[in-house]
Amino acid sequence: MDTLLSGSDYNQLRAFVAVGELLSFSRAAETLGVSPSALSQMVRGFEERVGVRLLNRTTRSVALTEAGETLFRRVRPVVSELGDAIGQVRRTRERPAGTVRIHAFRSAAETYLDPILPGFALAYPDVVLDITLDDEVVDIVAGGFDAAIRIGEVIEHDMVAVRLGPEMRQIAVAAPEYLAAHGRPEHPRDLVRHRCIRWRWPGHATPYAWEFFEDGRWFSVAVGGPLIVDDKQMARRAALRGIGIGFAIEQAVAGDIAAGRLEPLLERWSAPFPGLFLCYPRQRQMAPALRAFIDAVRQGGTMAASDDRSPRRPGGPG
């Protein structure tokens, strides 16, 4: 079968099956979208490859020979099934379907994923979104993911990156109760004498060193304290309870600051950096399901200006 279906032989086989079904060269040619002479040539070429006469032709009629009838009954279901399979693949290319695997920082889910889910599920019922929320920086391709949402500074250089939102900055915060008992740091380096709530990147052995900006450069402070966590929401709750000074994305604690539950510290040294991006591998032919997801996230997010003059040193995800 492999030798018969090399090159143009599949078209010849389709031509033979079409004539065998309709017993008319003109009607078969119309069905296949070719001229009767081209169809006749394809069938003749197929007979030569097989080495047996398959059709008896007169000026008024067409009939299958005994060998042609035997072959027609065997190959007709195969050609039909193959045509259905090819058609299904083409329809998949045109209609979003299948599974899209997404890796996202936890801080991104509430802003950029949760809002699009109801409308996306309604618009694309054949697409499954398989979402992993994790602050670890994983290799998107090696991990089998189609796309990721993460801060700009940890995106691989060979990825396509689409800005989703505004700049971000990290700020130190503390509950009024903590400040009343321990005082307020006047400079980031004063933090080494305070009780701080430390955060550790998933997969890292040591806690993240808090980063600040001064005189045109970033510098780090290795803080200490009674608590190390790998979840930013737990760190925020600990700061609210007065356990120590926390370090968080400003947007994540804006409500607590407005309500007086937390007080911002050291803002003079807290500079903005590029925020969250949707990233995915470069590819010539993108699956419709992935394209639909990317479009939904972009339309659902708040697009920021492309002119980015902020310092580029990152903080941890919020």
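Small disclaimer: the values here were computed from a predicted structure and weren't measured.

Rules used throughout
- Position numbers for residues start from 1 in each chain and track the written sequence from start to end.
- For a predicted model such as this one, the threshold for reporting local features is a pLDDT of at least 70, and the threshold for listing and counting side-chain atom pairs is 80 or more; totals across whole chains, interfaces and linings nevertheless cover every residue.
- By convention in this description, side-chain values take in all heavy atoms of the structure and omit both hydrogens and water.
- Counting from the N terminus, the helices are the DSSP runs of H or I reaching at least four residues and the strands are the DSSP runs of E reaching at least two.
- Only protein chains enter the area calculation, which uses a 1.4 Å probe; residues under 20% of their type maximum are buried, those over 50% are exposed, and those in between are partly exposed.
- Shrake-Rupley sampling with a 1.4 Å probe provides the accessible areas, and residues are treated as covered by the protein chains on show and by no other component.
- For cavity detection a 1 Å grid was placed over the protein atoms alone, and a set of points counts as a cavity when a 1.4 Å probe fits there but cannot get out; an open set counts as a pocket when protein lies on both sides within 12 Å along at least five of seven lines, with lining residues being those that have an atom within 4 Å of a point.
- Grid points are joined across faces, edges and corners, and a volume is the space filled by probe spheres set on the points.
- Asp, Glu, Lys and Arg are counted as charged, while Ala, Val, Leu, Ile, Met, Phe, Trp, Tyr, Cys and Pro are counted as nonpolar; the rest, among them Gly, fall into the polar class.
- Each patch is built from residues lacking any salt bridge and having more than 30% relative accessible area; the joining distance is 9 Å for like charges and 5 Å for nonpolar side chains (Val, Leu, Ile, Met, Phe, Trp, Tyr).
- The salt bridge criterion pairs a side-chain nitrogen of Lys or Arg with a carboxyl oxygen of Asp or Glu, the two atoms within 4 Å.
- What makes two strands pair is DSSP finding at least two bridges between them.
- Lines fitted to C-alpha atoms define the axes here, with helix axes fitted over just the stretch in contact, and angles between the N-to-C directions of these axes take values from 0 to 180 degrees.
- Residue contacts are defined here by distance: any two heavy atoms, one from each residue, within 4.5 Å place the two residues in contact.
- Each Phe, Tyr or Trp ring (for Trp, its six-membered ring) is paired with any other whose centre lies within 6.5 Å, and the angle between the two planes then decides the class: stacked below 30 degrees, edge-to-face above 60, tilted in between.
- Ring-over charges, as used throughout, are those where CZ of Arg or NZ of Lys falls within 6 Å of the ring centre and within 35 degrees of the ring normal.

Enquirer: Looking at this structure, how should I read the overall build of the protein?
Expert: Within the protein one finds ten helices and 14 strands. By the burial criterion, 42% of the 318 residues in the protein qualify as buried. With the model as given, the accessible surface of the protein reaches about 17100 Å², and the carbon-plus-sulfur share is 49%.

Enquirer: How should I be thinking about unusual backbone geometry in this particular structure?
Expert: Comment: phi is negative for the bulk of residues other than glycine, and the bulk of peptide bonds are trans. For Asp215, which is not glycine, the phi dihedral falls at a positive 55°. One non-glycine residue with positive phi stands out, namely Leu266, at about 55°.

Enquirer: Honestly, the layout of surface pockets in this entry has me stumped. Any pointers?
Expert: To find leftover empty space, a probe the size of one water molecule is rolled over the atoms. A volume near 180 Å³ is recorded for the second largest pocket. Every residue lining the second largest pocket is listed: Tyr10, Arg14, Val17, Ala18, Glu21, Leu22, Thr31, Leu32, Arg76, Val79, Ser80 and Gly83. Looking at the lining of the second largest pocket, the elements that each hand over two or more residues are α1 (9-22), α2 (25-32) and α4 (66-94). Among the elements that line the lining of the second largest pocket, the one with the most residues is α1, at six residues. Residues belonging to the lining of the second largest pocket are distributed by class as follows: six nonpolar, three polar and three charged.

Enquirer: Where do I start with a nonpolar patch on the surface in this structure?
Expert: A grouping of Leu117, Ile131 and Leu133 is seen on the molecular surface, where their side chains present a nonpolar patch of about 210 Å² in accessible area. Among the secondary structure elements, Ile131 is positioned in strand β4 (residues 127-133).

Enquirer: I tried to follow the pairing of strand β6 (residues 159-163) on my own but got confused; where do I start?
Expert: Look at any regular strand and the pattern is simple: side chains alternate between the two faces of the sheet. In terms of burial, β6 is a largely internal element, four of the five residues being buried. Examined bridge by bridge, β6 and strand β14 (residues 276-281) share five bridges and lie antiparallel to one another. Pairing of Arg163 across the sheet is with Phe277, part of β14.

Enquirer: Would you mind showing me how to read the sheet that holds strand β13 (residues 263-265) here?
Expert: The strands making up a sheet are joined through hydrogen bonds of the backbone, oriented either antiparallel or parallel. In space, the three strands of this open sheet follow the order β12-β7-β13, with antiparallel pairing throughout. If you trace the sheet from one side to the other, it starts and ends with β12 (246-249) and β13, each paired once. Taken pair by pair, the neighbouring strands of this sheet meet at an average axis angle of 50°, ignoring direction. By the bridge criterion, three bridges tie strand β7 (residues 170-174) to β13 in an arrangement that is antiparallel. If you follow Val173 over to β13, its bridge partner there is Pro264. Taken strand by strand, helix α9 (residues 250-258) contacts β7, β12 and β13, and its axis lies near 110° from that of β12.

Enquirer: Before we go on, may I ask you to explain the packing of aromatic side chains in this structure?
Expert: The geometry of an aromatic ring pair is captured by two quantities: the separation of the ring centres and the angle between the planes. In this structure the tally under the stated criterion is twelve aromatic pairs. Summarising the aromatic geometry, the rings of Phe120 and Tyr124 are spaced 4.9 Å apart at their centres and angled 45° between planes, so their arrangement reads as tilted. Feature note: the residues Phe105, Trp199, Trp201, Tyr208, Trp210, Phe212, Phe219 and Phe247 constitute an aromatic cluster, connected by ring pairs. Taking the ring centre of Phe145 as reference, the NZ or CZ of Arg101 above it sits at 4.5 Å.

Limitation: the analysis is restricted to geometry and does not speak to function.
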